[in-house]
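# Secondary and tertiary structure notes
The residues making up each chain are set out below.
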Amino acid sequence: MSNVVHEGVMIAEHDLVARDLAAVWHPCTQMREHPDLLPLVPVVRGEGAWLVGADGRHYLDAVSSWWTNIHGHGEPRIAAAIAEQARTLEHVLLAGFTHPSAIALAEQLLARAPRQAGRDPLAKVFYADNGSAAVEVALKMAFHWFRNRGEPERRKFIALHNGYHGETLGALAVGDIPLYRRIYAPLLAEAIFAPSPDAYDARPGQTPEECALEAADVLASLLDAHGQEVCALIVEPLLQCAGGMRMHHPAYLKRVRELCDAHGVFLIADEIATGFGRTGTLFACEQAGIQPDLMCVSKGLTGGFMPLAATLATQAIYDGFLDDSRERAFLHSHSYTGNPLGCAAGLASLAIFDQDGVLEHNRATAARMGGLAKDIATLPHVADARQRGMVVAFELTRDGDKATPFDPSLRIGLQAYRAALARGVVLRPLGDILYWMPPYCIDDDALAQLAEVTATTIREVTACA
């Protein structure tokens, strides 16, 4: 029996599990699967790329705790910044008040945001609490801006097939993952869905760029037909994360920017998961040389320490709400908007990028990840191995062919999760897709362990499938 000391009291590991299941409803979980089919792991500490369980075991956090923890668990500089801020000011409402951390973080985000020659830069930051909320803010801003200028008919959004933007009703309306969307469909606003530029869907002999531009041609037709009733298009640049870590060529984003401009439609970049170095640049849009009109960020914004999000907007969008009428103001609000603790964490996280040369370091780490992935890509049941920066994904199928998926009843992904967890690695699958998205501090030894466990796990779960 394993024990952990909490607040001076010795607690048995099994007691933590029992108490949890008696009181906690977990996210993105069929609770009936706990504790037998889906093991519940009590975690009491984090150290760099590792989580430490109540049983004393170390687990390699290969998914950065839902893609949030970019610099490592327990990063002392972020922890110190939060502690100092807590001793000074823990919270103040941001309506009618401000504070230094909110101002400084907004300035830093705007200074680092993607820029495109000939375009007015992103100029204002609206804070929210999480990624879904940041998307809600962007959607409401786009719709309301056109309404303020006398174009209420522009009330629809264009989004991509296989896209995901969050779980609130507005974010779900522009998402296309059936597992999350289907049951709530009667509650959702109308959206128009365009084909994904996903390179996985390329025909034999078709390059990723050709596949992306073909999807852009269909988008062009949709805008020709519906452009006058569309206020914004939303896209996850380069990487559809929850959709299976599907990746597309930057040429698609360039064409999308041109099409949005041609039809007077705002471009919303959902950089919630792709931002802060995950795809190889600070923001994924940079790799296409484009700048969105609205950009949503969260997850890595605070280094994984605090819930915080932001929506960045152009000056023109901001100016569209300035009026004597309060109805023409943007009245969206959250109680913890611009929370000082979250802003302090965000500032400390951004400082680490400069102090540690994180983006340069990531390029070297990504190269090592790509090298380790090559051998796994040759395994019989791996239909595709793909990489974008610090993200590597392995698509598993019955015969190693895209056309032969596993029978869903086998739950290959769940089997892989359990097998990897037993070997001390957290690989939380997306269906039958295993992926690596580790904290940037992961070292060579941990990467080697990650590759070995991934290969062993794939061989084990596909042996009798």
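All of the points below concern the structure found in this document. The shown structure was predicted, so the numbers you read here are calculated from the model rather than taken from an experiment. (Residues numbered from 1 in each chain as written. Predicted model: local features only at pLDDT ≥ 70, side-chain atom pairs only at ≥ 80, totals over all residues. Heavy atoms only, no water.)

### Comments concerning the overall build of the protein
- Along its length, the protein carries 14 helices and 18 strands.
- Relative to the globule expectation of 23 Å for 465 residues, the C-alpha radius of gyration of the protein, 22 Å, shows essentially globular dimensions.
- With the principal axes as the frame, the protein shows a C-alpha extent of 65 × 60 × 45 Å.
- A buried classification covers 53% of the 465 residues belonging to the protein.
- Counted over contacts in the protein with a minimum sequence separation of 6, partners at least 24 positions apart contribute 70%.
- Of the roughly 20300 Å² of accessible surface on the protein, a fraction of 54% belongs to carbon and sulfur atoms.
- Averaging the locations of the 39 positively and 55 negatively charged side chains of the protein gives two centres separated by 2 Å. (Helix = DSSP H or I, 4+ residues; strand = E, 2+ residues; numbered from the N terminus. Rg over C-alpha atoms; globule rule 2.2 N^0.38 Å. Buried < 20%, exposed > 50% of the residue type's maximum accessible area, 1.4 Å probe, protein only. Contact = heavy atoms within 4.5 Å. Areas by Shrake-Rupley, 256 points an atom, 1.4 Å probe, with all protein chains shown as cover. Lys, Arg positive; Asp, Glu negative; His and termini not counted. Charge placed at Lys NZ, Arg CZ, Asp CG, Glu CD.)

### Some words on the packing of aromatic side chains
- Throughout the structure, instances matching the rule amount to nine aromatic pairs.
- Measuring from centroid to centroid gives 6.3 Å for Trp 67 and Tyr 435, while their planes differ by 75 degrees, and the two rings are edge-to-face. Within this pair, whereas Trp 67 is found in helix 2 (residues 64-67), its partner Tyr 435 is found in strand 18 (residues 433-436), the two being separated by 368 residues in sequence.
- Taking the relative accessible area as the measure of exposure, Trp 67 reaches 8% and is therefore buried.
- Three or more aromatic residues joined by ring pairs make a cluster, and in this case those are Phe 126, Phe 321 and Phe 330.
- Sitting over the face of the ring of Tyr 318, Lys 124 holds its NZ or CZ atom 4.5 Å from the ring centroid.
- When the ring centre of Tyr 200 is taken as reference, the NZ or CZ atom of Lys 402 above it lies at 4.4 Å. (Phe/Tyr/Trp six-rings, centres within 6.5 Å; stacked < 30°, edge-to-face > 60°. Lys NZ or Arg CZ within 6 Å of the ring centre and 35° of its normal.)

### Digging into the sheet that holds strand 18
- Spatially, 15-16-18 is the arrangement adopted by the three strands of the open sheet, whose pairing is antiparallel. Each edge of the open sheet is held by one strand with a lone partner, namely strand 15 (382-388) and strand 18. On average, each strand axis in the sheet is tilted by 15 degrees relative to the strand beside it, whichever way the strands run.
- Sheet analysis places strand 15 next to strand 16 (residues 391-396), joined by six bridges and oriented antiparallel. Looking across to strand 16, one finds that Gln 387 is bridged to Val 392. (Pairing = 2+ DSSP bridges. Axes fitted to C-alpha atoms, helices over the stretch in contact; angles between N-to-C directions.)

### Section: unusual backbone geometry
- Note that the residue after His 34, namely Pro 35, is joined by a cis bond; omega there is -5 degrees.
- Among the secondary structure elements, Pro 35 is positioned in the loop between helix 1 (13-23) and strand 3 (43-47).
- Unlike most non-glycine residues, Leu 238 shows phi in positive territory, near 75 degrees.
- By secondary structure assignment, the location of Leu 238 is in the loop between strand 9 (230-235) and strand 10 (239-240).
- Given a relative accessible area of 0%, Leu 238 falls into the buried group.

### Concerning the pairing of strand 7 (residues 156-160)
- In terms of burial, strand 7 is largely enclosed, as five of its five residues are buried.
- Residues Lys 156, Ile 158 and Leu 160 line one face of strand 7 and the alternating positions Phe 157 and Ala 159 line the opposite face, and both faces are buried.
- By the bridge criterion, three bridges tie strand 7 to strand 9 in an arrangement that is parallel. Paired with Phe 157 across the two strands is Ala 232, which belongs to strand 9.
- Bridging between strand 7 and strand 8 (residues 191-194) involves four bridges; their strand directions are parallel. What sits directly across from Phe 157, in strand 8, is Ala 191.

### Section: the packing of helix 12 (residues 358-377) against helix 14 (residues 444-462)
- One way to put it is that helix 12 packs onto helix 14 with a least axis distance of 10 Å and a crossing angle of 25 degrees. By the angle between their axes, helix 12 is roughly parallel relative to helix 14. Pair helix 12 / helix 14 crosses with right-handed handedness. Only Asp 444, Leu 447, Ala 448, Ala 451, Thr 454, Ala 455 and Ile 458 of helix 14 make contact with helix 12, whose side of the interface consists of Thr 365, Arg 368, Met 369, Leu 372 and Ile 376. (Parallel < 35°, antiparallel > 145°, perpendicular 65-115°, else oblique. Left-handed = near helix turned anticlockwise from the far one by under 90°.)

### A word on the pattern of salt bridges
- The tally for this structure, following the rule as stated, stands at 24 salt bridges.
- In this structure, Glu 75 engages Arg 77 in a salt bridge whose closest nitrogen and oxygen atoms are separated by 2.8 Å.
- Residue Glu 75 is classed as buried on the basis of its relative accessible area, which comes to 9%.
- Residues Glu 151 and Arg 149 are paired through a salt bridge, measuring 2.7 Å at the closest nitrogen-oxygen approach.
- A single network of salt bridges, built from pairs that share partners, joins Asp 198, Arg 246, Asp 384, Arg 386 and Glu 395. (Salt bridge = Lys/Arg side-chain N within 4 Å of Asp/Glu carboxyl O.)

### Quick notes on the packing of helix 3 (residues 76-88) against helix 11 (residues 340-356)
- Contact geometry of helix 3 with helix 11 gives a least axis separation of 8 Å together with a crossing angle of 145 degrees. In the crossing of helix 3 with helix 11, the sense of the turn from one axis to the other is right-handed. Taking contact as the criterion, the partners of Arg 77, Ile 78, Ala 81, Ile 82, Gln 85 and Ala 86 in helix 3 are, on helix 11, Pro 340, Leu 341, Ala 344, Ala 345, Ala 348, Ser 349, Ile 352, Gln 355 and Asp 356.
- Of the residues in the contact of helix 3 with helix 11, the class split is 10 nonpolar, three polar and two charged. (Nonpolar A, V, L, I, M, F, W, Y, C, P; charged D, E, K, R; others polar.)

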